[in-house]
Amino acid sequence: MKSPRGTFAAIGGKMGSMKTVLVTGSGGLVGSETARYFGGRGFRVIGVDNNLREYFFGPEASTKWAVEELRRELGEAFTAVPADIRDFAAVRKVFEEAGGIDLVVHAAAQPSHDWAAREPFTDFGVNAQGTLNLLEAARQFAPQAVFIFTSTNKVYGDTPNRLPLVEKETRWECASGPYAEKGIDETMSIDQTTHSLFGASKVAADVMVQEYGRYFGMKTGVFRGGCLTGPRHSGAELHGFLAYLMKCAARGREYRIFGYKGKQVRDNIHSADLVASFDHFFRAPRPGEVYNMGGSRFSHCSMQEAVELCEEIAGRRMKTAYVEANRIGDHIWWVSDVSKFKSHYPGWNLTKNIRDILTEILEYNLPRWKKEG
C-alpha cells in the first residue's frame with residue numbers, strides 16, 4: 001500500500017482550518033454519500049477503500065468509478081487510501097498520519113448473507129476485526145472523534161419472522177402487537193435467533209462499537225440500517241436490492257426472487273437521508289447509543305410491489321424467476337421504527353420514498369448502463 005504521508009501532506013496547509021472525516025468504504029453507497037456530504041460542507045475527507053466489493057460480487061460491483069467521481073468532485077479535499085481495514089498496522093498508519101480526525105464514519109463491510117457462508121474468515125475479518133481495528137486506532141489517535149458505525153437490522157436475526165404476520169395479496173404484513181403501527185424498534189432481542197454468518201459478524205462489531213462508547217466513553221453511535229439504497233449503489237444480485245432490481249428492469253435482465261412468494265417486505269432509506277442522520281449525531285453525539293434506521297412506514301414495499309413499480313418507471317416488463325428457497329436468516333417483514341432517533345434529533349426527517357428512490361436510480365445510472373451494453 002502506498003504510504004498516505006505524502007498525500008496528506010499535500011493538503012496539510014489547510015488542515016488547521018478544516019475538520020476531518022475519515023470514511024471507510026468510501027467508494028460504496030453510504031461511504032461515497034458521506035464523503036460527498038461532508039466534503040461539500042468544508043471537511044477534509046480521507047476515504048479508505050480497497051475495492052473488496054469487486055472481490056465479493058464481481059466486476060460490475062466495483063467501486064473504482066465512485067472513488068474517481070469523488071476525486072473529480074472534491075479535488076484536494078479528498079484523499080483516497082487503499083488500505084485494508086483487516087490490517088491493523090495499515091489502519092493505525094492512516095490515523096497516525098492524518099493529523100487529527102473529528103469524525104469517523106465506518107461504512108466498509110462484507111454485506112451479504114450468502115457470501116459470508118462461502119468465506120467465513122473473510123466475512124468476520126472485514127466486519128468484526130476490521131471494526132475493532134478502527135475503534136482501537138481511533139481510541140489511540142482520535143479519542144475525541146465521533147465514531148459512527150453502519151450496522152444492520154440483521155443483528156436481530158430471524159426474530160422478526162416470529163411476529164404475527166398475515167399474508168395479503170402483494171405482501172406480508174404485521175397484523176398486531178407493538179411493532180404493527182410504526183415498525184420494529186431497538187427493544188427487539190438480538191439473542192436466540194438465526195443471524196446468518198454475516199449477521200453474526202455484524203453483531204460482534206455492533207456490540208463492540210457500543211462497548212467503546214460505554215466502557216471507554218468514546219462518542220460512538222450504532223445505526224442499524226434496513227435496506228440502504230440510492231443512485232450510486234453498485235448493485236449486484238447478492239446485495240443492493242433496489243439498485244440491482246432497477247438495473248435488471250432497465251437492461252432486460254432476469255431478476256431472481258428468493259422465497260416468501262415475493263411478498264417479503266423491506267423498508268428502504270435513501271443514502272442522503274441516512275447521511276443527514278449522521279450529521280445530526282455528529283453535532284450532538286450520544287455515546288454508545290443504538291438506532292434502528294430505515295425508511296419506516298414512509299418508504300417501504302414488498303418485492304412484488306417493487307417489481308411492479310420498476311416496470312412502471314422503466315416502461316417495460318421485467319423478466320423474473322422465482323426460487324422457492326429463501327435465504328437463511330432472511331426477513332419476511334421488516335419495517336424500521338425510527339421514533340427513537342427522531343425523538344433525540346427532531347430536526348431530522350425522511351425525504352425520499354420508494355418511487356423517488358427508484359426514479360433517481362434509473363435517471364442517474366441509465367447513461368452508464370447503456371455504455372456497458
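Definitions and limits used
Residues numbered from 1 in each chain as written. Predicted model: local features only at pLDDT ≥ 70, side-chain atom pairs only at ≥ 80, totals over all residues. Heavy atoms only, no water. Buried < 20%, exposed > 50% of the residue type's maximum accessible area, 1.4 Å probe, protein only. Helix = DSSP H or I, 4+ residues; strand = E, 2+ residues; numbered from the N terminus. Pairing = 2+ DSSP bridges. Core = buried A, V, L, I, M, F, W, Y, C linked by side-chain atoms within 4.5 Å. Contact = heavy atoms within 4.5 Å. Expected span 1.5 Å × (residues − 1). Bend = angle between axes of the 7 residues up to and from the residue. Polar contact = N/O pair within 3.5 Å; in protein donor to acceptor, adjacent residues only side chain to side chain. Salt bridge = Lys/Arg side-chain N within 4 Å of Asp/Glu carboxyl O.

Trainee: Which parts of the structure should I look at to understand the pairing of strand S4 (residues 103-106)?
Mentor: Within a regular beta strand, the side chains point alternately toward one face of the sheet and then the other, so they alternate between its two faces. Of the two faces of S4, both are covered, the one formed by Leu103 and Val105 as well as the one formed by Val104 and His106. Relative to S4, strand S1 (residues 20-24) runs parallel, the two sharing four bridges. When the sheet's bridge partners are listed, Val23 is paired in S4 with Val105. As paired strands, S4 and strand S5 (residues 146-152) are joined by four bridges and run parallel to one another. Across the sheet, residue His106 finds its bridge partner in S5, namely Phe149.

Trainee: In this structure, what is going on with the nonpolar core? I would like to understand it.
Mentor: It is characteristic of soluble globular proteins that their nonpolar side chains tend to be buried jointly. Counting residues in hydrophobic clusters, the biggest one holds 34 residues, and the most contacted among them are Leu22, Val48, Ile85, Val94, Phe95, Ile101 and Phe147. Looking at this core, the elements that each hand over two or more residues are strand S2 (44-48), helix H3 (52-57), helix H5 (88-98), helix H7 (120-141), S5 and helix H8 (196-214). Beyond its immediate chain neighbours, meaning those up to four positions away, Ile101 contacts Thr20, Leu22, Phe95, Ala142 and Ala145. Core analysis: the next-biggest nonpolar cluster, separate from the first, contains 33 residues, Val105, Ile148, Leu274 and Val275 among them.

Trainee: Mind showing me how you'd approach helix H13 (residues 354-372) here?
Mentor: Given 3.6 residues per helical turn, the α-helix brings residues three or four places apart onto the same face. Over its 19 residues, H13 runs 26 Å from end to end, which matches the ideal 27 Å to within 8%, given 1.5 Å per residue. The largest bend in H13 amounts to roughly 50° and is located at Leu366, with the proline Pro367 lying one to four residues further along. When we look at burial in H13, the residues that qualify are Ile354, Ile357, Leu358, Ile361, Leu362, Asn365 and Trp369. Those residues of H13 that are buried are in contact with strand S9 (227-229), helix H9 (241-251), strand S11 (265-270), strand S13 (300-302) and helix H11 (303-314). You can read the cap of H13 off the contacts: a side-chain oxygen lies 3.2 Å from the backbone nitrogen of Arg355, and it is on Asn353.

Trainee: Honestly, the environment of Val155 in this entry has me stumped. Any pointers?
Mentor: Along the chain, Val155 turns up in the loop between S5 and strand S6 (165-167). Of the residues examined, Val155 reaches a relative accessible area of 1% and is grouped as buried. In this structure the C-alpha to C-alpha distance between Val155 and Lys247, which are 92 residues apart in sequence, comes to 28 Å. Not counting chain neighbours up to four residues away, the residues in contact with Val155 comprise Ile190, His195, Lys202, Val203, Asp206 and Arg224.

Trainee: I would appreciate a short explanation of the side chain of Asp279 in the present structure.
Mentor: Summarising the element assignment, Asp279 is placed in helix H10 (residues 271-283). Asp279 gets classed as buried once you look at its relative accessible area, which sits at 10%.

Trainee: How should the pattern of salt bridges be read in this particular structure?
Mentor: Using the criterion set out here, one finds 23 salt bridges in the structure. Across the pair Lys93 and Glu97 runs a salt bridge, and its minimum N-O distance is 3.3 Å. Taken together, the positions of Lys93 and Glu97, both in helix H5 and four residues apart, correspond to about one turn of that helix. With a closest N to O distance of 2.8 Å, Glu167 and Lys263 form a salt bridge.

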